[in-house]
Amino acid sequence: MNRARDYNPSAVLALVFSGGLVLASGAGFLVDHRSWLVRLGSLLIGLAIAALITWAWMWPIQKQMKVAHRYLDRLTRISPSELQTDTFDTQLPSLPVNHPLRDVADRLTVLLIEVCEKVQELEHVRNAADIHCRRASDERDRIKAILHGIEEPILAIDQFDELILANPSAEALLNFDATSTENRMLHELVKCEHLVNLLTTTCHRKNTQNCGDEIEITDESGERAWYRVTARRLVADTSGSSESDAESTGAVAVLRDIAETKALQHRNAEFVSSVSHEMKTPLAGIKAYVELLADGEAEDEQTREEFLEVISSQADRLQRLVENLLNLARMEAGVVKVDKTPRPLNEILEEAINIVRPSAEAKQITLIADLSPMYLGLLADRDMLLQAAINLLSNAIKYTPEGGQITLRSRMLDKDVRFEVEDTGVGLSEDDADHVFEKFYRVKKNRDMAPGTGLGLPLAKHIIEDVHGGTLTLQSALGRGSTFAVTIPGSGQMA
Amino acid sequence: MTKKVLLCDDEIPILRAAEYKIKKAGYDVRTAEDGEDAWEIILADRPDILVTDCQMPRLNGVGLVERLRGHDSTRNLPVLMLTAKGLELSGDDLAQRLNIRKLIAKPFSPRHLLETIECVFQEQPHVELAK
């Protein structure tokens, strides 16, 4: 192509105009050197010719420049998406093939398309990053909400033993506010030394297994509570290496309130202690009298028989204890099959009263059956309810002095059936009445009135309340007697 | 002079067995069925040794010994304590705090109880007492 047209148009214009001027001057001097007017005219004509030639030369260049400007202006207005189409060049003004800026325009177009592609690529990257950011933010909010919702206190530290996370339960229990202080060192925020040591030790150990311990924490109000702490080391990335080799990034601890477990352990220990005591007492009697007999301490036959009688009665006591204990344990564990069928209450009560009648007669106790003439239907496990009625009647016989009176009464209530065992016995103090349904509880001052295990009344209560959904209540006055009242939902159906 | 032994237990068969064994060995044996009864007997006629159960109505064994230790005439009275429980008692602490010569777990042997009493009377506290 014509490379001269690539020159600066101003320089070309100056060059052409100067040439015209020289030609005009030369022509003026050549015509007549004595006539200044002719010379001046010639010069002017030369100048006009030079200007004309210059204009004729420059006009097409300016025209091409305008076309180029329009082309570039239109090119820069095309949107990046339009640039991606194959037909984008139809929107551009036509640029002649021999246009001096055609190469430049073509290169510029290609460059612009590449830039647009890059911009679009970056746009995609930015959008993806935005999505990641949003997801990460949502995830963080979700985890924060979950942590806040967990009742168990949770706290975590980094490898420098600085607190990085604590949920509100942890802050409340350990009495600190992580947001109100710049100081994040765990040992300065948390006063429980045992917990601090457990977390920091877990963080810096190589072993990745959970660390656990039971610790006692005193809260803000001064109340002490037991917690089971499970701590685990945090590691950044375990891919390609075992967790124990991975670098520790901190540790997290979860605290679980074990007050109930501790209370249960305590109750179990108390129960074992009570059972042990109740069993050791008859055993002590048996062992003592067997030893006396073995040592030949019985001086005569009568003494020997007395010793054997004591041994026999203590063995019976032990047997009763074991049987009652097993019955209670079976019922509490639910291993006893409950077979509830519609039954008439009076039939069960009559059977119970016949069973205990010999014991009452032996003590000259008057046993009165004041049973309702109405049909008192209920859904009952016959054997269990019979056992409960016998236990209540036996208890009344044991603690009613000779010549006393016991009344077994049954009545129909609105929707329930009710029976009562009323005695004229020794009665209970208010304090004893509060404890009389506890396992192994026996009223101290009445112990000598009759042998007992302290399990009969708890067993009756369990049968009535847990098995039959009823209630067993006690009204008693010391020295005047007691009334045990049983209320059970009625079934109303005939058996 | 015949040594006086006071036995205190609310379990009558056990009380009678121990009484029988110790009485046959020639000691003057008194019995009480709770801590209050025992305290009255001690005030009326100080025994040479007290053998008491731990769990008793009205006044238990620990309460009785605490009362003894707070009283001039009974501060140094030798005491053996019988107990069927063990969980709630830290034997060493209790024995040390109340100056109890020996805690004897139930069921116990009347023969060993007698040997223990005799050890105390012979002032041989180092001898292995009844198990």
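Up top is the structure.
The structure presented is a predicted model; accordingly, all values stated were derived computationally and were not measured.

Cut-offs applied
Residues numbered from 1 in each chain as written. Chains lettered and ligands numbered in written order. Predicted model: local features only at pLDDT ≥ 70, side-chain atom pairs only at ≥ 80, totals over all residues. Heavy atoms only, no water. Helix = DSSP H or I, 4+ residues; strand = E, 2+ residues; numbered from the N terminus. Buried < 20%, exposed > 50% of the residue type's maximum accessible area, 1.4 Å probe, protein only. Polar contact = N/O pair within 3.5 Å; in protein donor to acceptor, adjacent residues only side chain to side chain. Contact = heavy atoms within 4.5 Å. Pairing = 2+ DSSP bridges. Axes fitted to C-alpha atoms, helices over the stretch in contact; angles between N-to-C directions. Buried area = accessible area lost by both parts, 1.4 Å probe. Salt bridge = Lys/Arg side-chain N within 4 Å of Asp/Glu carboxyl O.

*Asks:* Explain the side chain of N167 of chain A to me, please; I cannot follow it from the model alone.
*Replies:* All names here are of chain A. Position of N167 among the secondary structure elements: in the loop between β2 (163-166) and α5 (168-174). With a relative accessible area of 0%, N167 lands in the buried category. Polar side-chain contacts of N167 include one of 3.0 Å to the backbone nitrogen of I154. What N167 contacts, discounting residues up to four positions off in sequence, is L147, I150, E152, P153 and I154.

*Asks:* How should the sheet that holds strand β5 (residues 248-257) of chain A be read in this particular structure?
*Replies:* Neighbouring strands of a sheet are bound in pairs by backbone hydrogen bonds; such pairs are parallel or else antiparallel. Residue and element names in this part refer to chain A. If you trace the 5 strands from one edge of the open sheet to the other, you get β2-β1-β5-β4-β3, paired in antiparallel fashion. With partners counted over all chains shown, the strands left at the sheet margins are β2 and β3 (211-218), one partner each. The mean inter-strand angle of the sheet, taken between neighbouring strand axes irrespective of direction, is 25°. In this sheet, strand β4 (residues 224-235) lies alongside β3 in antiparallel orientation, the contact comprising 8 bridges. Across the sheet, E214 pairs through a bridge with R228, a residue of β4. Helix-sheet contacts for helix α7 (residues 193-204) involve β1 (154-158), β3, β4 and β5, and the interaxial angle to β5 is about 140°.

*Asks:* Is there a simple way to explain the interface of chain B and chain A in this structure?
*Replies:* You'll often see interface size given as the accessible area lost when the parts meet. Counting residues at the interface gives 23 residues for chain B, matched by 29 residues for chain A. Carbon and sulfur atoms supply 55% of the area buried between chain B and chain A, which totals about 2300 Å² over both sides. When the area that chain B buries against chain A is broken down by residue, the three leading residues are Y20, A84 and P107 of chain B, summing to 23%. Applying the counting rule to chain B against chain A returns 6 salt bridges. One salt bridge in this structure joins K21 of chain B and D295 of chain A, with 3.2 Å as the shortest N-O distance. Summed over the shared surface of chain B and chain A, the result is 11 residue pairs in polar contact (both at pLDDT 80 or more). For the side of chain B that touches chain A, the secondary structure elements donating two or more residues are α1 (12-24) and α5 (110-121) of chain B.

*Asks:* It is not clear to me how the environment of L413 of chain A should be interpreted in this structure. Could you clarify?
*Replies:* All names here are of chain A. Relative to the helices and strands, L413 is located in the loop between β9 (405-412) and β10 (416-423). Judged by relative accessible area, which is 34%, L413 ranks as partly exposed. On a C-alpha basis, the gap between L413 and L376 in space is 9.4 Å, while along the polypeptide they are 37 residues apart. When neighbours within four sequence positions are excluded, L413 is seen to be in contact with R418 and T487.

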